[in-house]
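# A closer look at the structure
For reference, the chains in residue letters:
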Amino acid sequence: MDEAGVTPDDIQSIDDIRKLPFMQKKDLREYYPTDTFAAPIKDIARFHASSGTTGKPIVAGYTVHDLECWAEGVARCLTAYGVTREDIVQVSYGYGLFTGGLGAHDGAGKIGCAVLPTSSGNTAKQIMLMKDLGTTCLCCTPSYALFLAETIENEPDVRPEDLKLRVGVFGAEPWTEGMRHALEQKLHIRAYDIYGLTEVSGPGVGGECEFQNGTHLWEDMFYPEIIDPVTLQPVEDGKEGELVFTTLTKEGMPVIRYRTRDLTRLIRERCECGRTAVRMDKILGRSDDMLIIRGVNVFPSQVEAVIMEMPEVTGQYFITVDRVNNIDTFDIDIELKPDYYGDNLSTIERTKQQLSERLVSVLGIKPTLHIVEPGSIERSMGKAKHVNDKRKFKN
Ligand code: ADP
Ligand code: ZN
């Protein structure tokens, strides 16, 4: 604040928030583990940490009040999806330092649902309990939901009709409308988006409503802005940019103008559901996830959107980018469903051709496609890894 020349007197209305400097992941790393906390450790009731694949993780601390607000945010989402205390909620997000498991758990608990805390993994047991206890609401990453659905398809003793599932609560990673339709059909559910991040709270910063037309952000707790990631200036309402949050109720680790790196836009028009909370569009991806291949910007979610249009594929994909002789290579492994894979070669070639044409028209660049055996792409129990950018290890 001193560097930016801002004093408390400068802040008279919410618009003055623009005078405040941004916070970024690197600030939280620099003050690892707890130097950004605003409450003394004796008032901290729980810690979580984000994955921190490179270097130190980011540690978040929550007071009792923070945990209550967080549960309230998740409970609002679940309520918007039509979940009530009559529901049996299976939490297949990982429990532990990751905010997904305990976040969904506390939100469902606040409503009074029966919570089944399976955590992620052990898929056969998950499905057995889902069937035997009559789970009605499944919370997990969309990629794990796809894996669960595939496993159910291959399980002779369980048919989706035998399950009582009706609601899916999917988030923690980007997913497309195509993925939504696939999951809704396979699992006989309505699939809803839930959004959040550890630095701001956890899952439940916002969620969709029954209209599935944008994620309502709980503005009374999290003040959202969209900025141009280059100029750092606010963009016009409705324009795409980087999502920034200021927490309004957090005591343990409040953040001011935290740059999420998530790219989306805000929708100010009133939603038909009657909720007044602003909505955001589906997240395109994190700016860090954007691949620049031969000068063209590519988001994995764009690849997913095309792949999910094709009924012949399983929905699993893996992108490999490399640089050979100073030229970027762009390869995508795609699985065909067993019925099609066993088909004659011309089906495979035709699918490949169709996918290739669609990808070129959407991405503006031609990938090399590899149709691989069903089941050969590694399944994820949590957040899926869709990309290997080998250029990162070269200079
Ligand atoms: P990490 O940074 O280690 O992945 P988090 O679990 O806090 O830790 O991840 C939060 C990030 O996950 C968000 O910033 C966003 O990129 C992604 N995310 C969470 N929910 C969604 C969602 N519904 N749609 C798209 N991306 C999401
Ligand atoms: Zn709504």
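Predicted, not measured: the structure shown is a model, and the values here were computed from it.

Ligand 1 sits among 18 residues. The nearest are S51, D193, I194, T198 and D262. The contact in question runs from a nitrogen atom of ligand 1 to an N or O atom on the backbone of I194, over 2.7 Å. When the free accessible area of ligand 1 is taken as 570 Å², the share hidden by the protein chains comes to 95%. A total of 4 residues in the shell around ligand 1 trace back to one element, the largest contributor, which is strand β7 (residues 190-196).

On to the sheet that holds strand β14 (residues 279-280), then. Sheet architecture is open: 9 strands sit in the order β4-β3-β5-β6-β7-β8-β9-β14-β13, paired in mixed fashion. The sheet is open, and its two edges are formed by β4 (114-116) and β13 (266-267), each paired on a single side. Sheet topology places β13 next to β14; 2 bridges connect them, and they run antiparallel. Each residue of the ladder has a partner; that of I267, found in β14, is R279.

A word on the domain arrangement of the chain. Partitioning the chain into structural domains gives domain 1 (46-285) and domain 2 (291-393). Contact residues are listed per partner, giving 22 residues for domain 1 and 16 residues for domain 2. Contact between domain 1 and domain 2 buries roughly 1500 Å² in total, counting both sides, with carbon and sulfur atoms accounting for 60%. Interface area lost by domain 1 to domain 2 is led by E150, T176 and L284, which between them contribute 29%. When the shortest N-O distance is used, the salt bridge between R379 and E150 registers 2.9 Å.

Look at helix α4 (residues 123-133) against helix α5 (residues 142-153): their axes get within 10 Å of each other, and the N-to-C directions meet at 75 degrees. Here α4 is positioned roughly perpendicular relative to α5, judged by the angle of their axes. Where α4 abuts α5, its residues T123, Q126, I127 and M130 lie against Y144, F147, L148, T151 and I152.

In this section: the coordination of the zinc ion (ligand 2). Every protein donor of the zinc ion (ligand 2) is accounted for by C209 (SG), H216 (NE2), C271 (SG) and C273 (SG), and the metal-donor separations fall at 2.1 to 2.3 Å. Around the zinc ion (ligand 2), the 4 donor atoms sit at angles spanning 105 to 113 degrees, and that spread fits a shape best called tetrahedral. Here the donor residues of the zinc ion (ligand 2) are spaced in sequence according to C-x6-H-x54-C-x1-C.

Once that is clear, we can look at α5. Over its 12 residues, α5 runs 16 Å from end to end, which matches the ideal 16 Å to within 8%, given 1.5 Å per residue. For α5, the complete set of buried residues consists of P142, S143, Y144, A145, L146, F147, L148, A149, E150 and I152.

Burial within helix α7 (residues 300-307) is extensive, with 6 of its 8 residues counted as buried. The set of residues buried in α7 consists of P300, S301, V303, E304, V306 and I307. Against α6 (177-187), β17 (296-298), β18 (313-324), β19 (327-336), α9 (345-363) and β21 (387-389) lie the buried residues of α7.

Here we take up the pattern of salt bridges. The tally for this structure, following the rule as stated, stands at 26 salt bridges. Between E219 and R268 there is a salt bridge, and its shortest N-O distance comes to 3.8 Å. Highlighted residues: E219 in the loop between β9 (215-217) and β10 (222-227) and R268 in the loop between β13 and β14, separated in sequence by 49 residues. R268 gets classed as partly exposed once you look at its relative accessible area, which sits at 43%. R268 is the partner of D237 in a salt bridge, and the nearest nitrogen-oxygen pair spans 3.0 Å. Here R268 lies in the loop between β13 and β14 and D237 lies in the loop between β10 and β11 (241-247), a separation of 31 residues in the sequence. The exposure class of D237 is partly exposed, given its relative accessible area of 49%. Salt bridges linked by common partners bring R323, D328, D389 and R391 together as one network.

Before going further, it helps to spend a moment on the packing of aromatic side chains. Using the criterion set out here, one finds 8 aromatic pairs in the structure. Seen from their ring centres, Y62 and W70 are 4.9 Å apart, and the 20 degrees between their planes marks the pair as stacked. Across the pair, W70 and Y62 agree in class, each one buried. Here the aromatic cluster, defined as three or more aromatic residues joined through ring pairs, consists of Y195, F222 and F245. Of note, K282 hangs over the ring of W175, and the distance from its end group to the ring centre comes to 3.9 Å.

About the cut-offs
- Residues numbered from 1 in each chain as written.
- Chains lettered and ligands numbered in written order.
- Predicted model: local features only at pLDDT ≥ 70, side-chain atom pairs only at ≥ 80, totals over all residues.
- Heavy atoms only, no water.
- Near = heavy atom within 4 Å.
- Polar contact = N/O pair within 3.5 Å; in protein donor to acceptor, adjacent residues only side chain to side chain.
- Areas by Shrake-Rupley, 256 points an atom, 1.4 Å probe, with all protein chains shown as cover.
- Helix = DSSP H or I, 4+ residues; strand = E, 2+ residues; numbered from the N terminus.
- Pairing = 2+ DSSP bridges.
- Domains from an automatic or database assignment.
- Contact = heavy atoms within 4.5 Å.
- Buried area = accessible area lost by both parts, 1.4 Å probe.
- Salt bridge = Lys/Arg side-chain N within 4 Å of Asp/Glu carboxyl O.
- Axes fitted to C-alpha atoms, helices over the stretch in contact; angles between N-to-C directions.
- Parallel < 35°, antiparallel > 145°, perpendicular 65-115°, else oblique.
- Donors = N, O, S within 2.8 Å, 3.2 Å for Na, K, Ca; no water.
- Tetrahedral: all angles 85-135°; square planar, octahedral: opposite > 155°, others 65-115°.
- Expected span 1.5 Å × (residues − 1).
- Buried < 20%, exposed > 50% of the residue type's maximum accessible area, 1.4 Å probe, protein only.
- Phe/Tyr/Trp six-rings, centres within 6.5 Å; stacked < 30°, edge-to-face > 60°.
- Lys NZ or Arg CZ within 6 Å of the ring centre and 35° of its normal.

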